[in-house]
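Residue-level listing of the chains:
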Amino acid sequence: PRSTRGGRFCERVVVVMPLSTARAQTARPVAVCRTTCRTRQTRIVSSNGSGGSGKPVVRQVLRVNKHHSSRHRLATPTHARFGDNFNGRSTDDDGYTADTPDALAATCPLPMNIEIKGDVPYSEASRRYRRTVFTNADWLQHRSNTRLFGNLSGTFTSGVVRSLVTEVTAVASLGLLCCVWNGLIGGFEDFHDVLHAPAFPNIHEVFLARLPALPFTLASPALGLLLVFRTNASYARWVEARVAWGRVVSHCRNVMRQSALWISINPDAKSSIQFSSSSETSFPVDQTISNDQHLHKIRCATWSFTRCLANRVSGPEDEMALQRALLTRLDASSANRLLRAPNRPLQALADLGRAMNALPVDEKRRVEMDKSVILLGDALETCERIFTSPVPLVYTRHTARFLSCWLLLLPLALWEPFGSSWNHLAVVPASTLVAIFFFGIEELAVQLEEPFSILPLSKLCDNVWDGGVELYQEQWDGNSALGTSSPITENAAAEFVESMRL
């Protein structure tokens, strides 16, 4: 049977139907509670289970994924407290899966084969796998003594190198073409080191594909400075974006923490409507809404702001995920209001302000909470500024042109220095290796310039949502603001510290 949102899970679903209907249905997949059914068992039972009709019926037992059922059994028992909207941890949501791209191990290499739709290049399709969230194990591997050899062994399989296949192939092709053209004009050696006459002896040596190395030596410092400034500017944008999202998460938690603390100080009034008065203003506070419902509205408002902000700095591929998330965790009116808003984060801030204004707290505390909302607006402006204003295009294009010309002409400058190699073929691997690392620096700057698609925004949004479980759990359990657990004595604390040392 279908229950509320928090209880829409089961391990066994029994579907009873007539035998004629079952024969037509056995070849169809059956969706139960939006949970993937792994196996289907069909067996004929006696007519006693058919409601006295005397006809044999088929009992289909659908065994759902144990992973989903185990997660739901561990869910917080307050899922369905506020109607049909979701009210549990993010991992208890039906749409949450542990194998999402955001959950890729931080030190795990990018997959070799990525499903690419349309003409999306590999560099763009692989960005969702760069949303790293480090743990202690990841830091240990990151500081491993064998990290240098591991990084060198993965040079030609890294995501950056695979993103540069076109550029590096162009440089390598020009190097190979240079060797072939010069061999046809100036002669070439066979595998027995025998020098053969040129195929075009009438062409003058001035047409050899070669250049002096001095111009490249003089231009190298200028190119290095351009690449350094370009990379530093992109990295500064990544840092600013991450700091802005850190402030978003911090101030959202502050709003929930302050509401959980201060709402429990004022006892519920006897009248249905109270007026919270101060020296300047007075406004009605609806006392018919319980404290739990007030806190849940604050939690939904803070999370919806982070989720709408993540959508605003994301591409159109996030639109369906946003609609599903809002309709799952918010009530229908709030979700539709956000989806219709031209600026969804601003609308979410307005909803948060209304939810705070309805809290039964005094004016001074409400002003303190509003300071966090002001800082959330500042973080929104920071994210919009980074997303809509790239590094000046004139700087980016000039650096790309300089670098492309320098690397495409590099094989011609390496012709004479590699004259001791067989038919100068060492020019090809040398120019290819230099192109990988120089183009790689420019690719890193491009990848970091727009930081939001490589930041774990869904994880940060889930942190805000899940923060309400820890901050509001005492309220939902009916405990006081200080909790009902017994305090830890000094002896117990000393014993705990000693056990940790052992």
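Conventions we followed
Residues numbered from 1 in each chain as written. Predicted model: local features only at pLDDT ≥ 70, side-chain atom pairs only at ≥ 80, totals over all residues. Heavy atoms only, no water. Helix = DSSP H or I, 4+ residues; strand = E, 2+ residues; numbered from the N terminus. Buried < 20%, exposed > 50% of the residue type's maximum accessible area, 1.4 Å probe, protein only. Contact = heavy atoms within 4.5 Å. Areas by Shrake-Rupley, 256 points an atom, 1.4 Å probe, with all protein chains shown as cover. Axes fitted to C-alpha atoms, helices over the stretch in contact; angles between N-to-C directions. Parallel < 35°, antiparallel > 145°, perpendicular 65-115°, else oblique. Nonpolar A, V, L, I, M, F, W, Y, C, P; charged D, E, K, R; others polar. Salt bridge = Lys/Arg side-chain N within 4 Å of Asp/Glu carboxyl O. Left-handed = near helix turned anticlockwise from the far one by under 90°. Core = buried A, V, L, I, M, F, W, Y, C linked by side-chain atoms within 4.5 Å. Arc of directions from axis to C-beta. Phe/Tyr/Trp six-rings, centres within 6.5 Å; stacked < 30°, edge-to-face > 60°. Lys NZ or Arg CZ within 6 Å of the ring centre and 35° of its normal. pLDDT = per-residue confidence, 0-100. Lys, Arg positive; Asp, Glu negative; His and termini not counted.

Draft legend 1. Main features of the overall build of the protein chain. Helices and strands together make up the secondary structure of the protein chain, namely 18 helices and seven strands. Within the protein chain, the fraction of its 502 residues that count as buried is 39%. Sequence-distant contacts in the protein chain: of pairs separated by 6 or more residues, those separated by 24 or more amount to 72%. Here the protein chain displays about 28400 Å² of accessible surface, and carbon together with sulfur accounts for 60% of that area.

Draft legend 2. Layout of the packing of helix H8 (residues 214–262) against helix H9 (residues 291–312). At a closest axis distance of 9 Å, the pairing of H8 and H9 adopts a crossing angle of 170 degrees. With respect to H9, the axis of H8 lies roughly antiparallel. In contact with Trp 245, Val 248, Cys 252, Val 255, Met 256, Ser 259 and Ala 260 of H8, H9 contributes Leu 295, Ile 298, Arg 299, Thr 302, Phe 305, Thr 306, Leu 309 and Ala 310. For the contact of H8 with H9, the residue count by class is 11 nonpolar, three polar and one charged.

Draft legend 3. Looking closely at the environment of Asn 202. Tracing the backbone through its elements, the reader meets Asn 202 in the loop between strand E5 (195–196) and H8. For Asn 202, a relative accessible area of 77% puts it in the exposed group. Sequence separation between Asn 202 and Ile 185 is 17 residues, and the spatial gap between their C-alpha atoms is 8.3 Å.

Draft legend 4. Spatial organisation of the pattern of salt bridges. Counted by the stated rule, this structure contains 14 salt bridges. With a closest N to O distance of 2.8 Å, Arg 344 and Glu 319 form a salt bridge. In this pair, Arg 344 sits in helix H12 (residues 344–357) while Glu 319 sits in helix H10 (residues 319–329), placing the two residues 25 residues apart along the sequence. A salt bridge links Glu 363 to Arg 366; the nearest nitrogen and oxygen atoms lie 3.8 Å apart. Here the residue Glu 363 and the residue Arg 366 both occupy positions in helix H13 (residues 363–388), the gap between them amounting to three residues, near one helical turn.

Draft legend 5. Here's a closer look at the packing of H10 against helix H11 (residues 332–340). As a packed pair, H10 and H11 sit with axes 8 Å apart at the nearest point and diverge in direction by 155 degrees. Classed by the angle they form, the pair H10 and H11 counts as roughly antiparallel. Crossing geometry of H10 relative to H11 is assigned as right-handed. Contact residues: H10 offers Leu 322, Gln 323, Leu 326 and Leu 327, while H11 offers Ala 335, Asn 336, Leu 338 and Leu 339. Per-class residue counts for the contact of H10 with H11 are six nonpolar, two polar and no charged.

Draft legend 6. Local environment of the environment of Pro 456. Secondary-structure assignment places Pro 456 in the loop between helix H16 (427–449) and helix H17 (457–476). Residue classification places Pro 456 among the buried positions, given a relative accessible area of 8%. The spacing of Pro 456 and Ala 310 is 146 residues in sequence and 9.7 Å in space, taken between C-alpha atoms.

Draft legend 7. Representation of the nonpolar core within the structure. Ranked by internal contacts, the top residues of the largest apolar core, which has 49 residues, are Trp 245, Val 248, Ile 298, Phe 305, Leu 352, Phe 452 and Leu 457. Mapped onto this core, the elements with two or more residues apiece are H8, H9, H10, H11, H12, H13 and H17. With 10 residues, H8 is the single largest residue contributor to this core. The next biggest cluster of nonpolar side chains, apart from the first, holds 27 residues, and it includes Val 168, Cys 178, Ala 209 and Leu 403.

Draft legend 8. Quick peek at unusual backbone geometry. A positive phi angle is found at Asn 423, which is not glycine, with a value near 55 degrees. Following the sequence through the fold, Asn 423 ends up in the loop between helix H15 (410–413) and H16. Residue Asn 423 is classed as buried on the basis of its relative accessible area, which comes to 18%. Its identity as a non-glycine residue notwithstanding, His 424 has a phi of 60 degrees, on the positive side. Relative to the assigned elements, His 424 resides in the loop between H15 and H16. Given a relative accessible area of 17%, His 424 falls into the buried group.

Draft legend 9. Main features of H11. Among all positions in H11, only Ser 334, Ala 335 and Leu 338 are buried. Angularly, the buried residues of H11 cover 95 degrees about the axis, an arc narrow enough to put them on a single face. Across H11 from its buried face, at more than 90 degrees, point the exposed residues Ala 332 and Arg 340. Considering only its buried residues, H11 is in contact with H9, H10 and H12.

Draft legend 10. Spatial organisation of the packing of aromatic side chains. Counted according to the given criterion, the structure contains six aromatic pairs. On the numbers, 5.4 Å between centres and 70 degrees between planes, the contact of Trp 303 with Trp 465 is edge-to-face. Of this pair, Trp 303 sits in helix H9 while Trp 465 sits in helix H17, and the two are 162 residues apart along the sequence. Joined through ring pairs, the aromatic side chains of Phe 216, Trp 406 and Phe 438 make up one cluster. Lying over the aromatic face of Trp 465, Arg 299 brings its terminal NZ or CZ to 4.1 Å of the ring centre. The positively charged end of Arg 329 is found above the aromatic ring belonging to Trp 465, 4.9 Å away from the centroid.

Draft legend 11. Main features of the confidence of the model for the protein chain. Mean pLDDT over the protein chain stands at 74; residues scoring 70 or higher make up 66%. Ignoring residues within four places in sequence, the model shows residues 1–83, a span with pLDDT below 50, making 128 contacts including any to other chains. Taken together, the stretch residues 96–103 has pLDDT below 50 and engages in 14 contacts with residues farther than four places along the chain or on a different chain.

Draft legend 12. Spotlight on the side chain of Asn 182. Mapped onto the elements of the fold, Asn 182 is located in helix H7 (residues 165–186). Ignoring anything within four residues of it in the chain, the contact list for Asn 182 reads Gly 187, Leu 208, Ala 209 and Trp 415.

Draft legend 13. Representation of the side chain of Arg 237 in the model. Within the secondary structure, Arg 237 sits in helix H8. Here Arg 237 is buried and forms no salt bridge, its nearest opposite-charge partner Glu 449 lying at an N-O distance of 5.1 Å.

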